[in-house]
Amino acid sequence: MASSAFLQQDIAYLKGIGPARAKVLLSELGIRTVRDLLYTFPYKYVDRTVVHTVSQVHEGMPYVQLKGKIIGYELEGQGRKQRLKATFFDGTGYVEFVWFNGVKYVEKSYKVGREYVVLGKPTFWNGHISFAHPELELAENFKPEVHTFRPFYRTTERMKRARLDSRQLTEAIAQAFKGLAESEPEETLPSYIAEKYNLAPLSTSLRHMHFPRQTEELAMAERRMKFEELFFLQLAILRYAKNRKLKYRGFVFARVGNCFMQFYREKLPFELTEAQKRVVHEIRADLGSGRQMNRLLHGDVGSGKTMVALMACLLAVDNGFQACLMAPTEILAEQHFSTLRQMTEGLPLRVELLTGSVKGIRRDEVLRGVADGSVGLLVGTHAVIEPTVNFLNLGLVVIDEQHRFGVEQRAKLWSKNVHPPHVLVMTATPIPRTLAMTVYGDLDVSVIDQLPAGRKPIRTLHYYSNNCAPLYAGMRRELAQGRQAYVVYPLIEESEKSDLKNLEDGFAAMTELFPEYRVGKLHGKMKPQEKEEAMQAFLRRETQILVSTTVIEVGVNVPNATVMVIEDAERFGLAQLHQLRGRVGRGGNQSYCVLVTGYKLSETTRRRIGIMVETTDGFRIAEEDLKLRGPGDLEGTQQSGLPFDLKVANVVRDAEMMSVAREAAETVLQADPYENLPQHHMVWSTLRQMKDRNVNFSAIS
Ligand code: ADP
Ligand code: MG
C-alpha cells in the first residue's frame, strides 16, 4: 500500500482500535485517519532512565520511577467499593499502590518479593505517599535504552472508559507506525527548504515525536514539526491574501488633489513623524494600486493614528469618493468629529456626525447629505452601517480601535457600494508583531512605531489604597500647574450597583479632597448628552478632575491631562491598563499613571503591576500579556482566531520561527505562482488537505 493511502485510511481498520474506539477518538480528539493519529503528539515525556528513591519523592513531582519490591497486598471494601492496596519498599522508604479495578489481574501479575520498576504519579495524603494504578515492569526486563522517553497523551474520561488511556493510545500509535513500516510518509516540504533551514525529514521526525531515544532527537523532531505547522499556516494566510487581492478590484485614488494639499500646507498643526509619513506613503500606494486595500494600522496609544486616517480620507474625497470613519463609542465618535471638523475648516469638505443620539430633522439632513454625496466625510458609531445609511459613492472606510467591532459588523460595510470600499483598520491593542501577522495575516500591516517628538515617557507608580497621601500630594502639584487628572474606577457590568457606588464615593472623596477644583463625573449609565457634556467640560478645562469608569478607555484625547489614577488596578488586565495609561502623556508635559491596589495581591497581579511600572512599550506589554494569559485570551483576537489550531508550535514562544516560516512560505509562493511546479507538488496537496479539514477565514479580518 502506498503511504498516502495508508495515512488516509480510517483508524477503525487499525489493529487494536476497531469501530467503537475509532468513534470515540473522532468525537473526543477529532482523529479520523492514520495520519491524524500520527499527528496527535504527546504533551510530555517521562525520562525512563531516571529512577528515584522513595526518600527523594516530594510533592509536586508529576511522575516518578521507583525500583523496589511489593511486600504485601491487602484487599479493602466490598463490591463496587472494593480496592486493592499494595505496600512497596525500595530500601529508603515505603509507598502505597492502589487499584480500583482489575484487582485479580494485578494480584496475579505482580508478585510479592520480586523487583519491579514502577512508574506512577505520587499523591500525598496524611503523610504517606500513594500511587493510583501505577505501571509496573519486572526490573530484569526493563530496558530504558529502548524507549528512553515515555510519551504521555492527553485523554478524556470518555476515552479512558473506552480503554484509550495514554498507554493504550501509545500502543495504537506504535501499531500505526508498524503499518507504515515499508512505506514512509511522503516528505511535505521541498528539499531546498529542508536544506536551507536544516530540518529533519518528516518520516523520522514523526517517529521521534512519539518515541524519541534522546533529547536531541526530540528537539530536532519538534523543530521540524513546528516549522512545518507554521509554514503551512503562513502559506495558507499568504495565499489567501494574494487571491483576495487578485479577486477584488479597488477604486483607484490616483490624484493628490485640493483637499489633501491644502490640508498639508495650511492646516497640519505639526510636522508628521517619520513613522506617520511612512504609513501615509504606504496607504497612498495601496489606494493608487487598483487593488482593494485591507490594511491594519497598528500604532501605540498616542502615536497619532487619527491624523493618518484623516489624510487617507482626504485622498478619497479628492478623487470624488466619500469616506467614513467609524468609532466604537459615541464619546469617541463625537471627539473625532469635532477634531476633524476643526482641522478641515476652510477646506471644500462637508464633515458630518452620525450616532444614535443624532435624531429627527438633524438625522434626516445628514442622511440626505450622505445619499446625495454632499457629505464627504461621515464620522460615527455603528449607526453608519445601518441599512438606512446610503452612500452615493463610498470609497474608504476607516475603523478606529477595531477590536470593538465584530467581524460581522465589518462585513456589512462591503454592501455599502457596488465594489467593496478600501478598508483601513486602526488599533492600539498592542499585539506582538508575529501574532499580528498571523491573526491579521491576510491584512497588510502598517506600524507607527514612533511617538511624536517631545513626548516624555509616562512615569508609572504603584500605591496601596491605605497609603494614598503621597498620591494626593502629587495630584495637587499637577493641578496647581493647571494640569488635569483622571480618576478611573473599574466597572465590569455597567449595571453593577456596587461598582457605581465606588465611583460615587470616589467622586465625593475627590470633591472633598480638592475643594478648590471642580470635579466631573462620567459613566456608562449617564445619558449620551450628559456624557458628552461631561467630556466637553473636561476638554474645555472647566473641570479639572474627571472621575470616570472605563468609558474613557479608548481613544479619548485631552493633551492637558497629566495624571491618570487607576483605582482597583488589580481588576484590570494589562491591555486595558495600557490603554488607560495612554490617555495621559499626550502633550509635551511629564505625565503620571498611578495604579492603586489593595495590599493582598496574587502572584500574576503583582507581575502585571510590575510590568506596567517597568515599561511603557506597548509591544513588550503585549508579549508579557500573552505570556500571562495565553494567546486565546488576547483581547481582540478571539473572534478572528487562527485559520487552524496549532498543535506543536506556539505563537508566542515560537515567534522567531514564525518569521522564518513566513519567509519560506513567501519564497514558495513567489517561485510557483501557478502552483504547478513538481518540486512543490506535496506542498500544494498538503495545503489542500489541511484546508479541507478546518481552515476558516473571514472576509475582512
Ligand atoms: P492615537 O494614535 O492614540 O489615536 P491620536 O491620533 O489621538 O493618537 O494623537 C494623539 C495626540 O498627538 C493628538 O493630540 C494629536 O493631535 C497629536 N499628534 C499626532 N501626530 C502628531 C505629530 N506628528 N506631532 C505632534 N503631535 C501629534
Ligand atoms: Mg485614537
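Residues numbered from 1 in each chain as written. Chains lettered and ligands numbered in written order. Predicted model: local features only at pLDDT ≥ 70, side-chain atom pairs only at ≥ 80, totals over all residues. Heavy atoms only, no water.

**Remarks on the overall build of the protein chain**
Part 1: On a plain count of helices and strands, the protein chain comes out with 24 helices and 22 strands.
Part 2: Of the contacts made within the protein chain by residues no fewer than 6 positions apart, 74% connect residues no fewer than 24 positions apart.
Part 3: Just so you have it, the protein chain exposes about 32,300 Å², and 50% of that area is on carbon and sulfur atoms. (Helix = DSSP H or I, 4+ residues; strand = E, 2+ residues; numbered from the N terminus. Contact = heavy atoms within 4.5 Å. Areas by Shrake-Rupley, 256 points an atom, 1.4 Å probe, with all protein chains shown as cover.)

**Side note on the pairing of strand β5 (residues 115-120)**
Part 1: The buried fraction of β5 amounts to five of the six residues, a majority that puts the element mostly inside the structure.
Part 2: The sheet contact formed by strand β2 (residues 64-76) and β5 spans six bridges and is antiparallel. If you follow Val-64 over to β5, its bridge partner there is Gly-120. (Buried < 20%, exposed > 50% of the residue type's maximum accessible area, 1.4 Å probe, protein only. Pairing = 2+ DSSP bridges.)

**What about the pattern of salt bridges?**
Part 1: Applying the stated criterion across every chain yields a total of 32 salt bridges.
Part 2: For Arg-114, the salt bridge goes to Glu-140, with nearest N and O atoms at 3.3 Å. With a gap of 26 residues between them, Arg-114 in the loop between α4 (103-109) and β5 and Glu-140 in the loop between β8 (135-138) and β9 (149-152) connect regions that are remote in the sequence.
Part 3: Arg-114 gets classed as partly exposed once you look at its relative accessible area, which sits at 37%.
Part 4: Beyond isolated ion pairs, a larger network of salt bridges with shared partners links Arg-278, Glu-282, Asp-286, Arg-295 and Asp-449. (Salt bridge = Lys/Arg side-chain N within 4 Å of Asp/Glu carboxyl O.)

**What to know about the site of ligand 1**
Part 1: Taken together, 17 residues lie around ligand 1, and Gln-276, Gly-302, Thr-306, Arg-455 and Arg-586 are the ones closest in.
Part 2: Contacts to ligand 1 include Lys-305, whose side-chain N or O atom sits 2.8 Å from an oxygen atom.
Part 3: Computed on the free molecule, ligand 1 has an accessible area of 570 Å², of which 86% lies beneath the protein chains in the complex.
Part 4: Tallied by class, residues from the shell around ligand 1 come to five nonpolar, seven polar and five charged. (Near = heavy atom within 4 Å. Polar contact = N/O pair within 3.5 Å; in protein donor to acceptor, adjacent residues only side chain to side chain. Nonpolar A, V, L, I, M, F, W, Y, C, P; charged D, E, K, R; others polar.)

**Describing helix α11 (residues 274-287)**
Part 1: Taking 1.5 Å of rise per residue, 14 residues should cover 20 Å, and α11 covers 20 Å from first to last C-alpha, within 8% of that figure.
Part 2: Tucked into the core, α11 has its buried residues touching α10 (258-267), β10 (294-299), α12 (305-318), β15 (422-427) and β16 (444-448). (Expected span 1.5 Å × (residues − 1).)

**Considerations on the sheet that holds β8**
Part 1: With mixed pairing, seven strands are arranged side by side in an open sheet as β6-β7-β4-β3-β2-β5-β8. Taken across any chain shown, the strands that pair with only one partner, and hence form the sheet edges, are β6 (122-125) and β8. Averaged over all neighbouring strand pairs, the angle between strand axes comes to 40°, with direction disregarded.
Part 2: Sheet topology note: the β6/strand β7 (residues 128-132) ladder contains four bridges and is antiparallel. Its bridge partner being in β7, Trp-125 is matched across the sheet by His-128. (Axes fitted to C-alpha atoms, helices over the stretch in contact; angles between N-to-C directions.)

**So, the sheet that holds strand β20 (residues 545-548)**
Part 1: What the six strands build is an open sheet, ordered β17-β22-β21-β18-β20-β19; its pairing is parallel. Every other strand in the sheet has two partners, leaving β17 (459-464) and β19 (519-522) as the edge strands with one partner each. For this sheet the average axis-to-axis angle between neighbouring strands, irrespective of direction, equals 20°.
Part 2: Here four bridges tie strand β21 (residues 561-566) to strand β22 (residues 592-597), and the two strands are oriented parallel to one another.

**A look at empty space enclosed by the protein**
Part 1: Here the structure, examined in full by the defined rule, presents five cavities of 30 Å³ or more.
Part 2: Looking at the second largest cavity, its volume works out to about 50 Å³.
Part 3: Around the second largest cavity, the lining residues are Ile-331, Gln-335, Ser-338, Glu-532, Met-535, Gln-536, Leu-539, Asn-557 and Val-558.
Part 4: Secondary structure elements with two or more residues in the lining of the second largest cavity: α13 (330-343) and α19 (528-539).
Part 5: By residue number, the principal contributor to the lining of the second largest cavity is α19, which donates four residues. (1 Å grid on protein atoms, 1.4 Å probe; cavity = no way out; pocket = protein on both sides within 12 Å on 5 of 7 lines; lining within 4 Å. Points joined across faces, edges and corners; volume = space filled by probe spheres on them.)

**Topic: the nonpolar core**
Part 1: Core analysis: the largest hydrophobic core is formed by 46 residues, its most contacted members being Phe-263, Leu-377 and Leu-396.
Part 2: Examining the composition of this core, we find that 11 residues originate from one element, α12, more than from any other.
Part 3: Aside from chain neighbours lying at most four places away, what touches Leu-396 is Phe-253, Met-293, Ala-312, Cys-313, Ala-316, Gln-322, Ala-323, Cys-324, Pro-421 and His-422.
Part 4: Counting 35 residues, the second-largest nonpolar core is a separate cluster that includes Phe-6, Val-24, Met-209 and Leu-218. (Core = buried A, V, L, I, M, F, W, Y, C linked by side-chain atoms within 4.5 Å.)

**As for the packing of α10 against α12**
Pairs of packed helices are described in terms of their axes, by the angle between the two and the distance that separates them.
Part 1: As a packed pair, α10 and α12 sit with axes 7 Å apart at the nearest point and diverge in direction by 145°. Along its contact with α10, which presents Asn-258, Cys-259, Phe-260, Phe-263 and Tyr-264, the element α12 presents Met-307, Leu-310, Met-311, Leu-314, Leu-315, Val-317 and Asp-318.
Part 2: Its residues assigned to classes, the contact of α10 with α12 comprises 10 nonpolar, one polar and one charged.

**Observations concerning helix α8 (residues 202-210)**
Part 1: Burial within α8 is extensive, with seven of its nine residues counted as buried.
Part 2: For α8, every residue scored as buried is listed here: Leu-202, Ser-203, Ser-205, Leu-206, His-208, Met-209 and His-210.
Part 3: Contacts from the buried residues of α8 go to α3 (34-38), β1 (44-47), β9, α6 (166-180) and α9 (215-247).

**Digging into unusual backbone geometry**
Part 1: A positive phi angle is found at Asp-568, which is not glycine, with a value near 50°.
Part 2: The residue Asp-568 is located in the loop between β21 and α20 (574-581) in this model.
Part 3: Accessibility expressed as a relative area gives 25% for Asp-568, which makes it partly exposed.
Part 4: At Glu-675, a residue that is not glycine, the phi angle is positive and equals roughly 55°.
Part 5: With respect to the helices and strands, the residue Glu-675 is situated in the loop between α23 (655-671) and α24 (681-694).

**Thoughts on the state of the cysteines**
Simply put, disulfide is the name for a covalent bond between the sulfur atoms of two cysteines.
Part 1: Scanning the model with the defined rule gives zero disulfides in all.
Part 2: With no disulfide partner, Cys-313 has as its closest neighbouring cysteine sulfur the one in Cys-324, 8.3 Å distant. (Disulfide = S-S within 2.5 Å.)

**Considering the packing of aromatic side chains**
Part 1: Tallied over the full model, the rule gives 18 aromatic pairs.
Part 2: Pairing Tyr-197 with Phe-227 gives two aromatic rings, centres 5.2 Å apart and planes at 35°, and the pair type is tilted. With Tyr-197 in the loop between α7 (191-196) and α8 and Phe-227 in helix α9, this residue pair connects regions lying 30 residues apart in the sequence.
Part 3: The interplanar angle of 40° and the centroid separation of 4.7 Å between the aromatic rings of Phe-251 and Phe-321 together place this pair among those described as tilted. Residue Phe-251 is found in the loop between α9 and α10, and its partner Phe-321 is found in the loop between α12 and β11 (322-326); the two are separated by 70 residues along the sequence. (Phe/Tyr/Trp six-rings, centres within 6.5 Å; stacked < 30°, edge-to-face > 60°.)

**Quick notes on the environment of Ser-183**
Part 1: When you line up the elements, Ser-183 lands in the loop between α6 and α7.
Part 2: Distance from Ser-183 to Leu-7, taken between C-alpha atoms, is 9.8 Å for residues 176 residues apart in sequence.

From the geometry alone we can't say anything about function, so treat these as descriptive.
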